[in-house]
Amino acid sequence: MGDGIAALKAAVEAAELVDGHAHNIVAVDSTFPYLSCFSGPAGEASSDAPFSINFKRNLREIAELYGTDPSLEALQEYRLRFGVESLTSRCFKAAGISAVLIDDGIDEGVYLDKRYEIDWHKQFVPFVGRILRIERVAEKILDEGIAHGVDWSLDSFTDSIAAYYRGLEINPNVSEKDAAKGLDEILKAGSPIRILNKNLVDYIFIKSLEVAQSLGLPMQMHTGFGDYFLDLRQSNPLHLRGLLEDNRFKKSRIVLLHASYPFSREASYLASVYSQVYLDFGLAVPKLSFQGMLSSIRELLHLAPINKVMFSTDGIAFAESFYLGAKKAREVIFAVLRDTCADGDLSISEAIEAATNLLSENSKHFYKIEVSSSLK
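Since the structure is predicted, the reported quantities are computational estimates derived from the model, not experimental observations.

Reading the values: rules and limits
- Residues numbered from 1 in each chain as written.
- Predicted model: local features only at pLDDT ≥ 70, side-chain atom pairs only at ≥ 80, totals over all residues.
- Heavy atoms only, no water.
- Pairing = 2+ DSSP bridges.
- Helix = DSSP H or I, 4+ residues; strand = E, 2+ residues; numbered from the N terminus.
- Contact = heavy atoms within 4.5 Å.
- Axes fitted to C-alpha atoms, helices over the stretch in contact; angles between N-to-C directions.
- Polar contact = N/O pair within 3.5 Å; in protein donor to acceptor, adjacent residues only side chain to side chain.
- Core = buried A, V, L, I, M, F, W, Y, C linked by side-chain atoms within 4.5 Å.
- Buried < 20%, exposed > 50% of the residue type's maximum accessible area, 1.4 Å probe, protein only.
- pLDDT = per-residue confidence, 0-100.

A. Focus on the sheet that holds strand S6 (residues 277–280). Strand order across the open sheet formed by four strands is S4-S5-S6-S8, with parallel pairing between neighbours. The open sheet terminates on both sides in strands that have one partner only, identified here as strand S4 (219–221) and strand S8 (309–310). Taken together, the three bridges between strand S5 (residues 254–256) and S6 define a ladder with parallel strand orientation. Counterpart to leucine 256 in the pairing with S6 is leucine 279. Together, S5 and S6 form the strand contacts of helix H10 (residues 264–273), whose direction differs from that of S6 by roughly 140°.

B. Geometry of the environment of aspartate 103. In this fold, aspartate 103 is placed in strand S2 (residues 97–103). Each C-alpha atom of the pair aspartate 103 and glycine 129 lies 8.9 Å from the other, and the pair is 26 residues apart in sequence. At 2.8 Å, the side chain of aspartate 103 and the side chain of arginine 133 are in polar contact.

C. Quick peek at the nonpolar core. Core analysis: the largest hydrophobic core is formed by 95 residues, its most contacted members being Phe38, Leu243, Leu279, Phe281, Ile297 and Leu337. The leading source of residues in this core is helix H13 (residues 319–343), at 13 residues. One finds Ala99, Tyr278, Tyr367 and Ile369 within the second-largest nonpolar core, a separate group that totals twelve residues.

D. Looking closely at the confidence of the model for the protein chain. Per-residue confidence for the protein chain gives a mean pLDDT of 88, with 91% of residues at or over 70. Note that pLDDT drops below 50 for residues 156–165; the model gives that stretch 38 contacts with residues more than four away or on any other chain.

E. Region of the structure containing the sheet that holds S2. Taking strand neighbours across the sheet as the criterion, the three strands line up as S1-S2-S3 in an open arrangement whose pairing is parallel. Sheet topology places strand S1 (17–22) and strand S3 (127–131) at the edges, where each strand pairs with a single neighbour. In this sheet, adjacent strand axes meet at a mean angle of 15° when their direction is disregarded.

Set out below in structure tokens:
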């Protein structure tokens, strides 16, 4: 089997990655913490991040790429010396990413300041597309309307937007009356608008999913872990059952992000029984320990069809986060598929095909991305 495993590793290394979910890179003088590139916690918990396994490993990986000492201070000094464009070019070339879809809806004023616009990223990747974060669009529409004296009603507001997603305990039968009360509540709170009323959130999501389905567009949903302020108890994708059972949305396409970690088994089950459910394993790779990443990806593949599982980096702010997501994805996918061959679950040829599909071809087909081979 030695030659076959070598062929599998070669296929994994040769794959030109399609990154299905990421965020903008920021300028060198952004206040977004560089520490977050190596670990997930934000706020007060970030002070303990350097003691986590994934932080130590990710810091060392970037130090090896740059040829510096493995310390946060040395890497920050290196960044200042060479600049964002030079390092982004280096990281993306080393990552082997041929296409990236960028969610540019993170609040710039509050969270991701001094970010580069989507077009800036096109100098580093052959194909760059946009993911529309609808809650930001909705909030911007309301804020601009208030500034111009618009007297918002539910009808005038929902006619102005295309889609929206937030949260997992979605009521597909929320009433217009309850949604209108929610809109009134957030308008009374004034600008800047933050759409947090659950009835309004659910109503906009349902309307957005109707539009997305009619246009043949997929809907990405944040599931499992991620931002420190989310309620993980409400992030289990099993909460989506009511929505998934609704006959109105049987032809929709819903992508569960973050490998739904720590609910990867639940996500795998949903993808196996609902035709409209697809999976993306970004953030779980590279934010977990290596064994954690292996476990999460294995759990996704226990039941989910291979053609419904996709790669992303969930890279944000720093090019290094894209590199880490790509590098660890190759390592994890190889290790998982190698073991499936050893266990007799897949043949070598099937594992090679699976590797290419998981890292690029599934996303190309799903998002209808046409990108020529131009990384060599």
